Amino acid sequence: MRIARLLACPAGVSLTYFALAAGSVAFGRFTGGVAMVWIASAMLAGRLLHLPEHRWMPWVVGSAIASFIATGLWGFGWMAAFPFAVINILEAVAAAVIWRRITKAFWPYEALEWVASFYIGIGLTVPLLSGALAAFTAWVVHGQPVIENFTRWIIGHALGLLACLPVFHFIYGRLGRGRSALPPQDMLPLAALVIGTFSVLTVTVFVLDMRALLVFPMVYLLVASATVPSAILTQLPLLLIVIGGGMTVAGMGPIAAMDWQMGDRVQFFQLYVGVTVLTSLPLQCQRAKRVLEMRRMRARIAELENQNHSML
């Protein structure tokens, strides 16, 4: 599909990065410091994962320009735009490199080791390093408080990578091959049932002011991780972010009712989405491992059958 390839090309990824970065710095700087919501790094890393490393430069440069413009127009201004662009791009590149290294080392036979490395390397180490650089830069350029920006950055960027990088990895895996990221036609009845049920459940949870109900989307996603194909499963975290996040910002639901500042409520919602994805990720990995093993087993059986036929 031509549209899919356009979305995955350097220009398409750069425009997507700009939209995500601009939205974060324009609406996510609730305390006047760094953005408390950040998904752009996960998006860029998800695209780089499906490219040879020697071909990364056009996507990296385009996204760096997008980050520079977004920070200059809506963030800390043009003086801080260049260092923040470098930090943001290095964060995405580091996440992509770590993903490749741990996948080469552990996937698919040591899925739990892969998950642990994903948590520690991408969810903790990368945001700690980028957060230290960003907080120092904000302090030097604008005298911003270091500790506050450091903690805000870590939460927003860590949860963005943990919750969204697996999603963008799947999306760009399909877009890069010219295929739609939506479920195929033969899955549409199942997709309509699963996605429709999850949407109704999420809307219901975020309409009612009962925090205990937040467990239900988490349990739904957990069960879906063990039973639903990836083409459908990938849509569920996005729906949770769009529906739950939109209703929280609009002042609806159990998280919006908390007696906290808006930025803290939004970051708590990010934490909720992150925990929801993290609880389901080991099951997704185990299911993907079983699918790969079954494919290899079928291929081996077919190979043995062909050998037997050739011998007869």
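As a reminder, the structure under discussion sits directly above these lines.
To keep things clear, this report deals only with the structure shown in the data block. Please read all numbers here as calculations on a predicted model, not as lab measurements. (Residues numbered from 1 in each chain as written. Predicted model: local features only at pLDDT ≥ 70, side-chain atom pairs only at ≥ 80, totals over all residues. Heavy atoms only, no water.)

The next subject is the packing of helix 3 (residues 40–48) against helix 5 (residues 78–106). At a minimum axis distance of 8 Å, the contact between helix 3 and helix 5 shows a crossing angle of 45°. Between helix 3 and helix 5, the angle is such that the two are oblique. As helix 3 packs across helix 5, the resulting crossing turns out to be right-handed. Here Ser 41, Leu 44, Ala 45 and Leu 48 of helix 3 come into contact with helix 5, specifically with Asn 88, Ile 89, Glu 91, Ala 92, Val 93, Ala 95, Ala 96 and Arg 100. Taken together, the residues that form the contact of helix 3 with helix 5 break down as eight nonpolar, two polar and two charged. (Axes fitted to C-alpha atoms, helices over the stretch in contact; angles between N-to-C directions. Helix = DSSP H or I, 4+ residues; strand = E, 2+ residues; numbered from the N terminus. Parallel < 35°, antiparallel > 145°, perpendicular 65-115°, else oblique. Left-handed = near helix turned anticlockwise from the far one by under 90°. Contact = heavy atoms within 4.5 Å. Nonpolar A, V, L, I, M, F, W, Y, C, P; charged D, E, K, R; others polar.)

Counting 70 residues, the largest nonpolar core has Tyr 17, Phe 118, Leu 165 and Phe 206 as its most contacted members. Ranked by residue count, the leading element in this core is helix 7 (residues 146–175), at 10 residues. Among the nonpolar cores identified, the runner-up in size contains eight residues, and Ala 80, Ala 134, Ala 138 and Trp 153 belong to it. (Core = buried A, V, L, I, M, F, W, Y, C linked by side-chain atoms within 4.5 Å. Buried < 20%, exposed > 50% of the residue type's maximum accessible area, 1.4 Å probe, protein only.)

Our focus in this paragraph is the packing of helix 3 against helix 4 (residues 57–74). Contact geometry for helix 3 and helix 4: axes closest at 10 Å, N-to-C directions at 165°. Relative to helix 4, the element helix 3 is oriented roughly antiparallel. Note that helix 3 runs across helix 4; the crossing there is right-handed. From helix 3, Leu 44, Arg 47 and Leu 48 reach across to helix 4, where they touch Trp 59, Val 60 and Ser 63. Looking at the contact of helix 3 with helix 4 residue by residue, the class counts come to four nonpolar, one polar and one charged.

The residue Thr 234 is located in the loop between helix 10 (230–233) and helix 11 (235–249) in this model. For Thr 234, the residues in contact, after removing those within four places along its chain, are Val 167, Phe 170 and Ile 171.

Between the first and last C-alpha of helix 9 (residues 215–227) there are 19 Å, a value that for 13 residues agrees with the 18 Å anticipated at 1.5 Å per step. For helix 9, the set of buried residues is Pro 217, Leu 221, Ala 224 and Ser 225. Burial along helix 9 is one-sided: seen end-on, the buried residues are contained in an arc of 105°. (Expected span 1.5 Å × (residues − 1). Arc of directions from axis to C-beta.)

Enumeration over the complete set of coordinates arrives at three salt bridges. Its salt-bridge partner being Arg 101, residue Glu 53 comes within 3.4 Å of it at the nearest N-O pair. Here the residue Glu 53 occupies a position in the loop between helix 3 and helix 4, and Arg 101 occupies one in helix 5, the gap between them amounting to 48 residues. The exposure class assigned to Glu 53 is partly exposed, which follows from its relative accessible area of 37%. (Salt bridge = Lys/Arg side-chain N within 4 Å of Asp/Glu carboxyl O.)

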